[in-house]
Amino acid sequence: MEDCIFNSMDPAYRNPFGAVSTGTTVDFTIHIPLDLVYATATLVLYDDGMERRIPLEYQQTKNNLIFYHTCFTFDQPGVFFYYFHINRGQENYWVKRGETGKGYLSQSGQGSDYQITVYQKGFQTPDEVKGGLFYQIFPDRFYSSGENIENAPDDRILRSDWGGMPYFLPNEQGEILNNDYFCGDLKGIEQKLNYLESLGVTILYLNPIFEAHSNHRYNTANYLKIDPLLGTEQDFSHLCAEAKKHGIKIILDGVFSHTGSDSIYFNKENRYDTLGAFNSMNSPYFKWFHFIKYPDVYQSWWGFSTLPELNKHDPDYIEFICGKNGVLRHWLRLGASGFRLDVADELPDEFIQKVREAVKAEGEENLLIGEVWEDASNKIAYGIRRKYFQGKELDSVMNYPFKNAILDFVKDQDKQSFFNKISIIVENYPPQCLHTAMNSISTHDTERAITVIAGESCCGKGREWQSHHQLTISQYRDGINKLKVAMTLQYFLPGIPCLYYGDEAGLQGYKDPFNRGCYPWGQENKALISYCQRLGTLRKTCPGLKDGSLTFLPSPEGIIILKRDGSDGSCILALNYTNCNQVIELAYRGYRINQKIVLKKQSYTIPPFDYILFEK
């Protein structure tokens, strides 16, 4: 009874595969061994509100297996879970999800249930971005145009040592102010558009650019003003226009769950002439915040008093952000092509729906990405099952499950675990969300990929330790090789790869602020940049990467072979993730390799940490 009874990844068992639209009828077939003749089989299907028990009917007996079948039509969007219960007299068995979708008989009933994500029929995501390449920029640290800075607040420390260690120690009051600036700006980004285009970049994701009194700018002070160190509204509009000439769209970071206490809306520090919510209960912004004991006790983001939480249910605040002349449309009209929503879990579904309406009203091809760290299809946040992918909210999310799967694999080389982690997301995400997912391996919130792959763990170690630890020469060399493997997977898996600025140049660093160092202009790892440019070219030319399905093909140890089948053709990647040559024999007849058609089985040598590519 060890044979597979069900496999959600195989249409012979579950058809169609993966997430489905409303109105879709899904067929379920299980193969029960003859040992269980006369057994009854039931599909147990449930969501957060109801359970259904659907009998399976006998279909046929074939190859010593009894085939049972049923079907179900999903009329409403939602997240549904299921498993199979098999009974024969006093014997009870359950079939639940195993690795890569396979299910086996179990008498314990333990294991994971299968999932079906159902989205609203007609739900679409922007087609133009699929098959492209994100590039994430932390604006203060990418490039400085060197232009004179005007109207900089007096409490900012402007540094002239580009590439120096970001300040990380607390002041005498024990505060970490994040008030040192290396003066990267919008004009600096514009001056590097040729470089970004050479990497194959099609979408720039900018961390916050609105006025805020910290170098990370996640404590917004004014949603309608560019931070003075970054430039002006005109600079932003000009950057968008010039980027468009290079085939590059720009999306902005929308931080709408909280604002800064040092803002025109709250004004706790009395920097502004406006009447902030902290200054008076008669402030036009008073209802935007949650005061417990006015004015000193209020709800704040994760308990940080400098980040008062916003009331996302307040009609005036919703109108300010999402209205016809609101924040979102203001920046979209100036040239932005979408937004990434910071901490999407902390934004109510109704608020995200309003955001989507505003973003799409300015252009259906505008992109809306959410920051979600887990499987976004079934995420429960604050006791509520989220509806991100059901058709009225996000286009997609930052794909942290892929990031974790890639880095874990490069470190541990557990191929089966990697396949399973990737397969779950591919199965759970609607295809239109999967193909617009932001596939990062480093971000401003996580350690640099090369540091994770090759460095000593910083778990339990403070900022002082992190500031003094860099990779040794041998660690760095090993890290670059493994980073190439990670990047190759990042570029070839479903979704849109996202380069975090400097990763392609070999930049390393532990947690914030060390993962936010200055781009090392003049000291780049040129060989790694060249490798990324090669991958970037493949993103544009290789068939199957825009919207192709994913199949992991059988492969020997040391090799991963994956196949992408899409609307424009297909490709097969054979990746050597070891430090020695790998020789494999393959016969992908009809595919091209180096422009030559494969006609028969041949031997191929793949160099260490490299790949060969077949295209059709």
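The rules behind these values
- Residues numbered from 1 in each chain as written.
- Predicted model: local features only at pLDDT ≥ 70, side-chain atom pairs only at ≥ 80, totals over all residues.
- Heavy atoms only, no water.
- Pairing = 2+ DSSP bridges.
- Helix = DSSP H or I, 4+ residues; strand = E, 2+ residues; numbered from the N terminus.
- Contact = heavy atoms within 4.5 Å.
- Axes fitted to C-alpha atoms, helices over the stretch in contact; angles between N-to-C directions.
- 1 Å grid on protein atoms, 1.4 Å probe; cavity = no way out; pocket = protein on both sides within 12 Å on 5 of 7 lines; lining within 4 Å.
- Points joined across faces, edges and corners; volume = space filled by probe spheres on them.
- Phe/Tyr/Trp six-rings, centres within 6.5 Å; stacked < 30°, edge-to-face > 60°.
- Buried < 20%, exposed > 50% of the residue type's maximum accessible area, 1.4 Å probe, protein only.
- Lys NZ or Arg CZ within 6 Å of the ring centre and 35° of its normal.
- Expected span 1.5 Å × (residues − 1).
- Arc of directions from axis to C-beta.
- Core = buried A, V, L, I, M, F, W, Y, C linked by side-chain atoms within 4.5 Å.

Novice: Even after reading the chapter, I still don't get the sheet that holds strand E23 (residues 367-370), so can you show me in this structure?
Specialist: Strand pairing in a sheet is mediated by backbone hydrogen bonds. Such pairs are either parallel or antiparallel. Reading across from one edge, E26-E23-E22-E19-E16-E13-E28-E27 is the order of the 8 strands in this open sheet, with parallel pairing throughout. Single-partner strands in this sheet number two, and they are strand E26 (396-397) and strand E27 (438-440). Pairing between E27 and strand E28 (residues 496-500): 3 bridges, direction parallel. For Ser440, the partnering residue across the bridge sits in E28 and is Cys498. Packed on one face of the sheet, helix H12 (residues 473-492) meets E27 and E28 and runs near 140° to E28.

Novice: Looking at this structure, how should I read the environment of Phe304?
Specialist: Inspection of the secondary structure assignment puts Phe304 in the loop between strand E21 (297-298) and helix H4 (315-322). Residues Phe304 and Gly260, spaced 44 residues apart in sequence, show a C-alpha to C-alpha distance of 10.0 Å.

Novice: How should the layout of surface pockets be read in this particular structure?
Specialist: One water molecule sets the probe size; rolling that probe over the atoms shows where empty space is left. Space inside the second largest pocket adds up to approximately 600 Å³. Lining the second largest pocket are 27 residues, with Met9, Phe17, Ser423, Leu550 and Thr551 sitting closest to its centre. Of all elements in the fold, only helix H8 (415-428), helix H9 (431-434) and strand E29 (549-553) reach the threshold of two or more residues within the lining of the second largest pocket. A total of 6 residues in the lining of the second largest pocket trace back to one element, the largest contributor, which is H8.

Novice: Please clarify how the packing of aromatic side chains should be interpreted in this entry.
Specialist: The description of an aromatic ring pair uses the distance of the two centres, along with the angle that the planes make with each other. In the structure shown here, the tally under the stated rule is 60 aromatic pairs. Both rings, one in Tyr604 and one in Phe614, keep their centres 5.4 Å apart while their planes meet at 90°; by these two values the pair is edge-to-face. Here Tyr604, found in strand E35 (residues 602-606), pairs with Phe614, found in strand E36 (residues 611-615); they are 10 residues apart in sequence, far enough to count as distant. The pair Tyr604 / Phe614 is uniform in exposure class, with both members buried. Taken together through their ring pairs, the aromatic side chains of Phe210, Tyr223, Phe236, Phe256, Tyr265, Tyr285, Trp288, Tyr317, Phe320, Trp331, Phe339 and Phe351 make up a single cluster. Seen from the ring of Tyr143, Lys192 lies directly overhead, with NZ or CZ sitting 4.5 Å from the centre. Lying across the ring of Trp465, Lys461 places its NZ or CZ 5.0 Å from the centre.

Novice: Quick question: what am I supposed to make of the sheet that holds strand E2 (residues 14-15) here?
Specialist: Reading across from one edge, E2-E4-E8-E7 is the order of the 4 strands in this open sheet, with antiparallel pairing throughout. Each edge of the open sheet is held by one strand with a lone partner, namely E2 and strand E7 (57-62). Across 10 bridges, the pairing between strand E4 (residues 24-33) and strand E8 (residues 65-74) is antiparallel. By the bridge assignment, Thr24 is partnered in E8 with Phe74.

Novice: Please explain helix H13 (residues 526-541) as it appears in this structure.
Specialist: Its 16 residues give H13 an end-to-end C-alpha distance of 23 Å, which sits within 8% of 22 Å, the value for a rise of 1.5 Å per residue. Within H13, the full set of buried residues consists of Leu528, Ile529, Tyr531, Cys532, Leu535, Gly536, Leu538 and Arg539.

Novice: Just to check I follow, could you spell out H4 for this structure?
Specialist: Counting along an α-helix, one turn takes 3.6 residues, and residues three or four places apart therefore face a common direction. Among the residues of H4, those classed as buried are Tyr317, Ile318, Ile321 and Cys322. An end-on view of H4 places all buried positions within 105° of arc, on one side of the element. Opposite the buried face of H4, by more than 90 degrees, sit the exposed residues Pro315 and Glu319. Looking at the buried positions of H4, the neighbouring elements they touch are strand E18 (220-226), helix H5 (327-333) and helix H6 (349-361).

Novice: Got a minute to help me understand unusual backbone geometry in this structure?
Specialist: The bulk of non-glycine residues show a negative phi, and the bulk of peptide bonds are trans. Following Tyr294, the chain continues into Pro295 via a peptide bond in cis, with omega recorded as -5°. Along the chain, Pro295 turns up in the loop between strand E20 (291-293) and E21. Here Asp512 and Pro513 are connected by a cis peptide whose omega angle stands at 10°. Relative to the helices and strands, Pro513 is located in the loop between E28 and H13. Not every positive phi belongs to a glycine, and Cys183 is a case in point at roughly 75°.

Novice: Whenever I open this one, the nonpolar core confuses me. Can you help?
Specialist: What tends to happen in soluble globular proteins is that the nonpolar side chains get buried as a cluster. Formed by 122 residues in total, the largest nonpolar core has its most connected members in Tyr135, Phe236, Leu252, Phe256, Phe418 and Phe492. For this core, the element with the most residues is H12, which contributes 8 residues. Among the nonpolar cores identified, the runner-up in size contains 30 residues, and Ala41, Phe72, Tyr93 and Tyr114 belong to it.

Novice: Help me understand the pairing of strand E5 (residues 40-46) in this model?
Specialist: In summary, the side chains of a regular strand alternate between the two faces of the sheet. Of all 7 residues in E5, 5 are buried, a share of seventy percent or more. As paired strands, E5 and strand E9 (residues 78-88) are joined by 7 bridges and run antiparallel to one another. Paired with Tyr46 across the strands is Phe81, a residue of E9. Pairing of E5 with strand E6 (residues 51-55), which is carried by 5 bridges, proceeds in the antiparallel orientation.

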